[in-house]
Amino acid sequence: MANLATTKAGSDRNRTFLMILIPVLVLFVAFNTIPLLTGFFYSFTNSKGYGPFEIIGLQNYIDLFQDARVGNSYLFTFKLAVVSTILVNVLSLILAIGLSSKIKFKSALRGLYFVPRILGALVVGYVFTYFFTYIVPAVTGTDSILASADWAWIGIVVVLVWQACAQTTIIYITGLSSVPEDVYEAGSLDGATGWNKFRYLTFPLIMPSITTNMVLVMKDMLMVFDQIVAMTGGGPANSTESISYLIYENGLNNSQFGFQCANAVLFFILIAVVSIAQTKFLNSKEEQL
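To start, this report covers the structure provided alongside it. Predicted model only: the values in this text are computed from it and were never measured.

### Some details on empty space enclosed by the protein
Moving on, step 1. Counted under the stated rule, the structure contains 1 cavity of 30 Å³ or more.
Moving on, step 2. Contributing to the lining of the largest cavity are Arg-117, Ala-164, Gln-167, Thr-168, Leu-216, Val-217 and Asp-220.
Moving on, step 3. Contributing elements (two or more residues each) for the lining of the largest cavity: helix 6 (152-177) and helix 9 (207-222).

So, in structure tokens, the structure goes:
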């Protein structure tokens, strides 16, 4: 009887798991897998997003490497992503160290620093657009940096860093809180203070948090879209046109659906390669420390 009851309980548990898993799986396939495969198919066509189309093989992929606008968008996106990722992680780590120290109102400050993450990217972008367009020029007597092809990207970086620091700071705080206190006590006995304490004790122990943040932030920065839409619309003179924005703008509005599907497939592969390479490199550094 006991074995029968155990078997029945196990069967009920498995049925419950399936009832939870199957709807999620159906939704994932419907809204992720099928669109992904559909986009991959259209990348081999000359589709405009409507009407008849023909299969043209690898022509779209060949044209991608010959299109100067596509090349410029990749260069801009990677420049933006690298600079933003470095700034976000450095500033977030500094904030996390400060918020992990014994200060008053620590919990309130942590909540305050997380507010930017709650706000919508489009809303934040529009607010900062007003700030850079009217307030900063009024105070400094200069033109808006968003109107400059050379400096507009700086304004976007400011917004990206301001909003991304919230999540990375929380992850760093979690990593710092997991460092055993006796490690610092042992280090103090050996004379470790200040920078040496951070370099040889804290840094190696929070390396998993650094790996997580570097990979996640780089991925998010490479996929930047909302801030571009709200602040510059890819301008001036296409100088702030990210890959995601180019795919959206030309794929949906300029009848380059098939061509931009190929761009999206290439971009997807590139993000996967970058993420894997980052993870392997940073994991190897973890093992060396």
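### A few points about helix 11 (residues 243-253)
Moving on, step 1. Of all the positions in helix 11, only Ile-243, Ser-244, Tyr-245, Leu-246, Ile-247, Asn-250 and Gly-251 are classed as buried.
Moving on, step 2. Where helix 11 is buried, its residues meet helix 3 (68-99), helix 9, helix 10 (226-231) and helix 12 (257-288).
Moving on, step 3. Positive phi appears at Ser-255, one or two residues downstream of helix 11, with a value of about 60°.

### A look at the environment of Val-217
Moving on, step 1. Examined against the element boundaries, Val-217 turns out to sit in helix 9.
Moving on, step 2. Measuring from C-alpha to C-alpha, the distance between Val-217 and Lys-285 comes to 18 Å, with 68 residues separating the pair along the chain.
Moving on, step 3. Not counting the four nearest positions on each side in its chain, Val-217 is found in contact with Thr-85, Val-88, Asn-89 and Thr-168.

### Looking at the nonpolar core
Moving on, step 1. By size, the foremost hydrophobic cluster in this structure holds 38 residues, and its most contacted members are Leu-80, Val-88, Ile-156, Met-221, Leu-222, Met-231 and Phe-267.
Moving on, step 2. Of all the secondary structure elements, the ones that give two or more residues to this core are helix 2 (59-64), helix 3, helix 5 (121-140), helix 6, helix 9, helix 10, helix 11 and helix 12.
Moving on, step 3. Apart from the residues lying within four places of it in its own chain, the contact partners of Ile-156 are Phe-76, Leu-80, Ile-228, Met-231, Thr-232 and Thr-240.
Moving on, step 4. In this structure, Ala-96, Phe-198, Met-207 and Ile-210 belong to the second largest nonpolar core, which totals 12 residues.

### Some points on the packing of helix 3 against helix 9
Moving on, step 1. Relative to each other, helix 3 and helix 9 sit at 145°, their axes nearing to 9 Å. Judged by the twist between their axes, the crossing of helix 3 over helix 9 is right-handed. Of the residues in helix 9, those touching helix 3 at Thr-77, Phe-78, Ala-81, Val-82, Ser-84, Thr-85, Val-88 and Asn-89 are Asn-213, Met-214, Val-217, Met-218, Met-221 and Leu-222.
Moving on, step 2. Across the contact of helix 3 with helix 9, the residue classes tally to 9 nonpolar, 5 polar and no charged.

Thresholds applied
- Residues numbered from 1 in each chain as written.
- Predicted model: local features only at pLDDT ≥ 70, side-chain atom pairs only at ≥ 80, totals over all residues.
- Heavy atoms only, no water.
- 1 Å grid on protein atoms, 1.4 Å probe; cavity = no way out; pocket = protein on both sides within 12 Å on 5 of 7 lines; lining within 4 Å.
- Points joined across faces, edges and corners; volume = space filled by probe spheres on them.
- Helix = DSSP H or I, 4+ residues; strand = E, 2+ residues; numbered from the N terminus.
- Buried < 20%, exposed > 50% of the residue type's maximum accessible area, 1.4 Å probe, protein only.
- Contact = heavy atoms within 4.5 Å.
- Core = buried A, V, L, I, M, F, W, Y, C linked by side-chain atoms within 4.5 Å.
- Axes fitted to C-alpha atoms, helices over the stretch in contact; angles between N-to-C directions.
- Left-handed = near helix turned anticlockwise from the far one by under 90°.
- Nonpolar A, V, L, I, M, F, W, Y, C, P; charged D, E, K, R; others polar.

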